[in-house]
Amino acid sequence: MASFNIYIAFGVLVIMISGAVMARDVDPIKAKNCETKMTLHCVNEVFTSIFKTGIVTDNCCIELIGLGQFCHYALIKKTLQNPLFKNNDTSVILSRAAQVWKKCTPVSEGVSPTPSP
Ligand SMILES: *[C@@H]1O[C@H](CO)[C@@H](O)[C@H](O)[C@H]1NC(C)=O
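Residues numbered from 1 in each chain as written. Predicted model: local features only at pLDDT ≥ 70, side-chain atom pairs only at ≥ 80, totals over all residues. Heavy atoms only, no water.

Quick word on the packing of aromatic side chains
Rule in force here: Centre distance within 6.5 Å is the pairing criterion for rings of Phe, Tyr and Trp, where only the six-membered ring of Trp is used; planes under 30 degrees apart are then read as stacked, over 60 as edge-to-face, and the remainder as tilted. The numbering of helices and of strands both runs from the N terminus, where a helix is a DSSP run of H or I of at least 4 residues and a strand a run of E of at least 2. Buried residues are those whose accessible area, probed at 1.4 Å on protein chains only, stays under 20% of the maximum for their type, while exposed residues exceed 50% and partly exposed ones sit between those limits. Geometrically, a charge over a ring is one whose NZ (Lys) or CZ (Arg) sits within 6 Å of the ring centre while staying within 35 degrees of the ring normal.
In the structure shown here, the tally under the stated rule is three aromatic pairs. Between phenylalanine 47 and phenylalanine 85, the ring centres sit 5.6 Å apart and the planes meet at 75°, which makes this aromatic pair edge-to-face. With phenylalanine 47 in helix 3 (residues 40-51) and phenylalanine 85 in the loop between helix 5 (69-81) and helix 6 (90-108), the pair connects residues that are 38 residues apart, well separated along the chain. For phenylalanine 47, a relative accessible area of 24% corresponds to the partly exposed category. Where phenylalanine 51 meets phenylalanine 85, the ring centres are 4.9 Å apart and the plane angle is 55°; that geometry is what we call tilted. Note that phenylalanine 51 is positioned in helix 3 and phenylalanine 85 in the loop between helix 5 and helix 6, a separation of 34 residues in sequence. For the pair phenylalanine 51 and phenylalanine 85, a shared accessibility class is recorded, and that class is buried. One residue, lysine 32, lies across the ring of phenylalanine 70, its end atom 4.6 Å from the ring centre.

Examining the pattern of salt bridges
Short version of the rule: Salt bridges are identified by distance alone: a Lys or Arg side-chain nitrogen within 4 Å of an Asp or Glu carboxyl oxygen.
For the structure on display, the rule yields two salt bridges. Where lysine 30 meets glutamate 35, a salt bridge forms, and the shortest distance between an N and an O atom there is 3.5 Å. By relative accessible area, which is 43% here, glutamate 35 ends up partly exposed. Of the charged contacts in the structure, one is a salt bridge between glutamate 35 and lysine 78, with a shortest N-O distance of 3.3 Å. Here glutamate 35 is found in the loop between helix 2 (28-31) and helix 3, whereas its partner lysine 78 is found in helix 5, with 43 residues between them in sequence.

Keep in mind these values describe shape, not function.
Right, here's the structure in full:
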């Protein structure tokens, strides 16, 4: 009876693993068309201002807000998984991403943003 239970446990494990693999295949970035909502130029600006230094122009702020917060963070998390950025501190990048988002929100609403220090 013991070997039968082990067999069952193994079967359940295999089902769980294949479920996890399938879940990973459903890329939220693809599902929400995140990669088609911004121009390459603006993707670059936002990317540079978060991972390096630079500013996001008003035009690109409007595109970013149009992209939506979900896609904004999904794309950043995906970038952080890239081995090129393995040295970057996730919490630093996420707080920069939040800053860019915060800076862009009033721009997209037509309010002039307060200059950041
Ligand atoms: C991310 O990592 C690169 C390479 O290590 C570094 O040059 C850059 O300053 C880092 N960016 C941030 C925001 O920490």
